[in-house]
Structure formats: C-alpha cells, structure tokens
Amino acid sequence: MRDQETYVPNDEPDTTTGEYELSERQALRRVPGLSTELTDVTEVEYRQLRLERVVLVGVWTEGTQADAENSLTELAALAETAGSQVLEGLIQRRTRPDPATYIGRGKVDDLGSVVLAAGADTVICDGELSPSQLRNLEQRTKVKVVDRTALILDIFAQHAKSKEGRAQVELAQLQYLLPRLRGWGETLSRQTGGSGRGGGAGGGVGVRGPGETKLETDRRRIRHRIARLRREIKAMSTVRETKRSRRTRNAVPAVAIAGYTNAGKSSLLNRLTGAGVLVEDALFATLDPTTRRATAADGRVYTLSDTVGFVRHLPHQIVEAFRSTLEEVAEADLVVHVVDGTHPDPQEQVRAVREVLAEVGADRLPELLVVNKTDAADEETLLHLKRIWPEAVFVSAHSGLGIEDLRATIEQRLPRPAVEVRVVLPYDRGDLVARVHRQGEVLSTAHLPEGTMLHVRVNEALAGELFAYRDTAEPVHTAR
C-alpha cells in the first residue's frame, strides 16, 4: 500500500486527477484480430480472457424487473470497462438458474441464434458459472463464455499497479481457475509420464510408469503458486500493520473512504487532501489503497485512506485475496461511506457495500454517509435521498459543493482524546506544544510570563508526559 504521510506543497494545484497515470493507461489498447488462440474453445487449456463483441445474459430469480435490468446494466458497464463492445442484453425469468446451462436448455439455442445474428464472439453471464455450466454453454453456443466473476477479475488484473495489488489479483484469479481447469479436448488424458500398466494416450516405450495427467500437473503448480502468493501477501501485510501501529502509537485518528465502485471515492480524497489519485469514469479505476494526511481546524492530524471499490455480488475470491487490504477499513476510527447520487438504485449500492464491510468486521465502526455527484443528480432524487438518509452529507467532488461541510463533519466525528488537562509549558518546550497541537484537541491557549498555558484534551500517553507541567489549580478530567 502506498502510504505517504506528508503535506502537499503549497505550490501544487488544489486537486489533481492522476493525469499521467490516466494517459499511460489509455496509451495502449488491445488490437483485436491478432491473437493466435485456438478457435475451438473446447481445446483451450488456459483460458485467456478476450473480450471484444459480447452478448450479455442474466437470470432474473428475485426482486423486480427493474432490479434485474439494473444488474444487467452494471454488467454492461463492467464489460465496457474491460474493453469490450456490448451488442445485446438478454434476461430470462426463472426461479433459479439451470444447473446444466444457466439459462435453461431450451433457451440456449435462442442465445446461439442471437450470438450468430449479432456477430458476437463472447457471451458474458451475470452470475458465477460452475465448470459444467461453462463447458455446456460453450459447446452449445460455439463461442467463449465468461461469467461475472471472471470479468471482474480481468478488470482487477488490468488496473492493479502495486506489487501487493498484483499479487492479490493473481491469487484471486488462480483460486477461480483451479476448479475450472480443463484438459486437451474432453479426454483429460494427456500425460507427462507413462500411463501405468498398459501405456495409453501418453504412454509408450521408455516412458511407462505411474505418470500424471497434464491437468494434474497444472493443478499442482497452481496450488504451489497459491501457497507462495499467500506467503508474499502476508509478508506485505506485515509492513502495512507496522505503519498502522505507528499511527496508532502516535494517536493519529484514521478515516477510511469506502463505497461502491465509481461512486467518486478517489475524487473525494483528491478534494480533501490534494492526493493526486487517478480519477477515471470507469468501474474499479483504482485498486491500490492510498493514505494521505489531513489537518483538522483545531490542529489535530488524521489520515484519510481510499479503499478498493465494492460492487454487488463481489466475487468471494476478491474479498478473500484483498482481505488484508480491506482490514485497513476495519481498523479505522470512522468510515466515510460514499454513495453515487446519480445511480438508479443507490440503496442497493449501500446494502452491497455494508455486506462486504460486515465480512471484514467493519460494520461495527461509526459510519458517515456521503452522497456524491449532487451536481449531476436531479432535485427530486436528492429530496428523496435526504428523506431516506437525513444524517447524510451531500457533496459534489467535481464542483467542490459541500466539501467544507463534509470536512467539518468528519472532524466532528473524529474520536476525542480521553484526558482533559490544563498545563503551563515552558517556552523551551516548543516540541511538546507542537505534539499537543498535532495529537490533541486544544480548547484554549494563553501566553504567560513563565510559559504557554494550554487547556487541552490528549490521549493518556501524552497526558503522562504533560503531568509534570500541569496547572495544579485545575483537576485532571478523564472522559468516560
């Protein structure tokens, strides 16, 4: 995790949007038609995701038709973020997905006709497919089939930049791939050694022996790689825990910015701190957490951390692989939950985010709901959201509207130091005065001949250092 706890120089612009990183991302694009992949998808051993012209398929099992359409619209946005062109979107009403073909065997032929008429080369399903569903759909449609989980993993792989982020994404991809490995054709009999007592497809003179199939070899290598990645991620998470413990030891409050993907978390961080994080109108534009220092009006220092965005039905492989990063949210003192005010169903976004936060134990933390993009939302929608969430703060990270109110609200919600005390610090102890302003809450200041008199609230550790300079006429108060 990039963790830079330094002030932004005054000669820098107030907000930046990661222009260099954005131009770098847009500089190279996949060129269709140059791949040498096998055209027969049943003989692909390692399925490299290639999204070009796609047809979307969803199964509507619960909720309203609007819910099903919103889910498919989000799938379309995910597909476009991955670099594909969406041609058609189909929804089937069922009590549950078909265990063999996802959409029902009778509808697979209809899907094949739509794929043929549209000239599509990929089908994306709005759900996680089992290996058998994946195989059956590809055999019937004769094109590549990708599920929602693989699509999100592909986007994560494109956008991860830090060493830890790339390792987390690779771990999630391998966990997804392991149960879906397929051998050559349908025989699964290609072998690296012999095939035992009668030879077989991979046997022959001089190579008979126990052997193992190519599929088994691949699975073993993937398991070894998964174990190695888990060790690497654990080592990298130790570094982050060390930084976090240093902030805790220095009594620096931590604020985590969480929310649905593309809700404007990075834009908000840029507005509040001038962090210069990449901003792009795309899902999962930034994956690597960024922590920046901010100063409250009373002089206290706190940190603001941007986190990975969430989405409905976030793959469990992602949650597991990014658990060490998401736990950064669970260690915060306040969660700033950003909501897209222009989204058709913001309440569903909030539910999905809270579901993931609960998985990492962050649902017990104080939450400040922030509705973003108010400059683009219509007045009727904003009035409706204000009735639903009367305690929320409404802002626009793009225009800056409401940012100062948000900053003040965050500072009000920061944990208050536990001990209230009056001290008189000699003028040669400017270091203590600076620490009090940085770590504590200064209630009043007065300059006396013998030194600076401060009425402050500080943590217990700092209160112990100030004990020798306390104003004996005033009692020490401890917050309960």
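Residue positions within a chain follow its written sequence, with the count starting from 1. Two thresholds apply to this predicted model, a pLDDT of at least 70 for residue-level local features and 80 or more for giving and counting side-chain atom pairs, whereas whole-chain, interface and lining totals are computed over all residues. Hydrogens are left out, water is left out, and the side-chain values use all remaining heavy atoms of the structure.

Trainee: What's the story with the overall build of the chain in this structure? I'm lost.
Mentor: Helical segments are the DSSP runs of H or I of at least four residues, strand segments are the runs of E of at least two, and each set is numbered from the N terminus. When helices and strands are tallied, the chain shows 15 helices and 15 strands. Classification of the 480 residues of the chain by burial places 50% in the buried group. In the chain, the share of contacts with a sequence separation of at least 24, taken over all contacts with a separation of at least 6, comes to 71%. Element-wise, carbon and sulfur atoms account for 50% of the exposed surface of the chain, whose accessible area totals about 23,600 Å². Exposure categories follow from relative accessible area, calculated using a 1.4 Å probe and restricted to protein chains: below 20% of the type maximum is buried, above 50% is exposed, and the middle band is partly exposed. We call two residues in contact when some of their heavy atoms are within 4.5 Å. Using a 1.4 Å probe, accessible areas were evaluated by the Shrake-Rupley method; residue-level cover was limited to the displayed protein chains.

Trainee: Looking at this structure, I do not really get the pattern of salt bridges. What am I missing?
Mentor: It is possible for side chains of opposite charge to pair when their charged atoms get near one another. The term salt bridge refers to a pairing of a side-chain nitrogen on Lys or Arg with a carboxyl oxygen on Asp or Glu at a separation within 4 Å. Summed over the entire model, instances satisfying the criterion amount to 15 salt bridges. In this structure, the salt-bridge partner of R148 is E74, at a minimum N-O distance of 2.4 Å. Remark: E74 occurs in helix α2 (residues 65-81) and R148 occurs in helix α5 (residues 148-159); sequence separation between them is 74 residues. The residues R148 and E74 share a single accessibility class, namely buried. One salt bridge in this structure joins R180 and E128, with 3.2 Å as the shortest N-O distance. Residue R180 is located in the loop between α6 (163-177) and α7 (214-249), and its partner E128 is located in the loop between β4 (122-125) and α4 (131-141); the two are separated by 52 residues in the primary sequence. For E128, a relative accessible area of 37% gives the class partly exposed. Because the salt bridges share partners, they merge into one network encompassing E74, D126 and R148.

Trainee: Would you take a moment to explain unusual backbone geometry for this structure?
Mentor: Negative phi values dominate among residues other than glycine, just as trans dominates among peptide bonds. Notably, N262 is not glycine yet its phi reads approximately 65°, a positive angle. Relative to the helices and strands, N262 resides in the loop between β6 (254-259) and α8 (265-273). On the basis of relative accessible area, N262 is assigned to the partly exposed category, the value being 22%. One non-glycine residue, K373, lies in the positive phi region at around 65°.

Trainee: So what exactly am I meant to see when it comes to the pairing of strand β8 (residues 301-306) here?
Mentor: Along a regular strand, successive side chains alternate from one face of the sheet to the other. Of all six residues in β8, six are buried, a share of seventy percent or more. A two-sided burial pattern is seen for β8, the buried positions comprising V301, T303 and S305 on one face and Y302, L304 and D306 on the other. Counted between consecutive antiparallel strands, the loop separating strand β7 (residues 290-295) from β8 contains five residues, among which G299 sits at a positive phi close to 95°. We call two strands paired when DSSP finds no fewer than two bridges between them.

Trainee: I would appreciate a short explanation of the packing of aromatic side chains in the present structure.
Mentor: The description of two aromatic rings rests on the distance between their centres and on the angle between their planes. Stacked, edge-to-face and tilted are the three classes for Phe, Tyr and Trp ring pairs, Trp counted by its six-membered ring, which pair at centre distances within 6.5 Å; planes under 30 degrees apart are stacked, over 60 edge-to-face, the rest tilted. Following the criterion strictly, the structure yields zero aromatic pairs and no others. Charges are assigned to positions over rings by a cutoff of 6 Å between ring centre and Lys NZ or Arg CZ, combined with an angular limit of 35 degrees from the ring normal. The ring of W60 carries R93 above its face, with NZ or CZ at 4.3 Å from the centroid.

Trainee: Even after reading the chapter, I still don't get the side chain of E74, so can you show me in this structure?
Mentor: Classification of E74 as buried rests on a relative accessible area of 8%. Each polar contact in these results corresponds to two N or O atoms within 3.5 Å; when the atoms are within protein, one needs to be able to donate a hydrogen and the other to accept it, and residues that are neighboring in sequence are counted only if both atoms are side-chain atoms. Side chain to side chain, E74 and R148 meet in a polar contact 2.4 Å long.

Trainee: I keep staring at α4 and nothing clicks. Help me out?
Mentor: Taken together, the buried positions of α4 are Q133, L134, L137, E138 and T141. When α4 is viewed along its axis, its buried side chains cluster within an angular range of 125° and face the same direction. Here the buried face of α4 lies against α3 (105-118), β4 and β5 (144-147). Downstream of α4 by a residue or two, K142 has a phi angle that is positive, lying close to 65°. Arc definition: directions from the helix axis to the C-beta atoms.

Trainee: Would you take a moment to explain the pairing of β4 for this structure?
Mentor: Side-chain alternation along β4 places T122 and I124 on one buried face and V123 and C125 on a second face that is also buried. Two strands pair when backbone bridges link them, and strand β2 (residues 53-60) and β4 are joined in this way by four bridges, in the parallel orientation. Across the sheet, the residue bridging to L56 is I124, located in β4. Crossovers are marked right-handed if the path from the first strand over the helix to the second runs clockwise, as seen with the strands pointing away from the viewer. This β-α-β element, β4 to α4 to β5, shows right-handed connectivity.

Trainee: Sorry if this is basic, but what is going on with the environment of R53 here?
Mentor: Turning to its location among the elements, R53 is positioned in strand β2. For R53, a relative accessible area of 31% corresponds to the partly exposed category. Sequence separation between R53 and T122 is 69 residues; the distance between their C-alpha atoms is 6.3 Å. Beyond its immediate sequence surroundings of up to four residues, R53 is in contact with Q85, L87, A118, G119, A120, D121 and T122. For R53, the side chain forms a polar contact with the main-chain oxygen of A118, separated by 3.1 Å. Of note is the side chain of R53, whose polar atom sits 3.2 Å from the backbone oxygen of G119.

Trainee: Can you help me understand the nonpolar core in this one?
Mentor: The nonpolar side chains of a soluble globular protein tend to be buried with one another. We define a nonpolar core as any set of buried Ala, Val, Leu, Ile, Met, Phe, Trp, Tyr and Cys residues linked to one another through side-chain atoms lying within 4.5 Å. The biggest cluster of nonpolar side chains holds 77 residues, and the ones touching the most others in it are L268, F310, V336, L406 and I410. At seven residues, α6 tops the list of elements feeding residues into this core. Residues in contact with I410, not counting those within four places in the same chain, are V255, L272, Y302, L334, V336 and L368. In this structure, V57, L111, V143 and V145 belong to the second largest nonpolar core, which totals 16 residues.

Trainee: Before we go on, may I ask you to explain the sheet that holds strand β3 (residues 85-93) in this structure?
Mentor: Pairing between sheet strands relies on hydrogen bonds along the backbone, with the strands arranged either parallel or antiparallel. With parallel pairing, four strands are arranged side by side in an open sheet as β3-β2-β4-β5. The sheet is open, and its two edges are formed by β3 and β5, each paired on a single side. When strand polarity is set aside, the average angle formed by the axes of neighbouring strands in this sheet is 25°. In terms of strand pairing, β2 meets β3 through eight bridges, oriented parallel. Each bridged residue has a counterpart across the sheet, and for V55 the counterpart in β3 is E88. With respect to the sheet, α4 is in contact with β4 and β5, its orientation differing from that of β5 by roughly 145°. Orientation is described by axes fitted as lines to C-alpha atoms, over the contacting stretch for helices, and by angles from 0 to 180 degrees between their N-to-C directions.

Trainee: In this structure, what is going on with the packing of α5 against α6? I would like to understand it.
Mentor: Packed helices, taken two at a time, are described by the angle between their axes plus the distance between the axes. It is at 9 Å that the axes of α5 and α6 come closest, and there the two elements cross at 155°. The orientation of α5 with respect to α6, classified from their angle, is roughly antiparallel. Considering the relative orientation of α5 and α6, their crossing is left-handed. Of the residues in α6, those in contact with T149, A150, L153, F156 and A157 of α5 are V169, A172, Q173 and Y176. In terms of residue class, the contact of α5 with α6 is built from seven nonpolar, two polar and no charged. Throughout, the term roughly parallel applies to angles under 35 degrees, roughly antiparallel to angles over 145, roughly perpendicular to angles from 65 to 115, and oblique to all others. The handedness criterion is simple: a crossing whose near helix is rotated anticlockwise from the far helix by less than a right angle is left-handed, and one whose near helix is rotated clockwise is right-handed. Polarity classes work like this: nonpolar for Ala, Val, Leu, Ile, Met, Phe, Trp, Tyr, Cys and Pro, charged for Asp, Glu, Lys and Arg, and polar for all others, with Gly in that last group.

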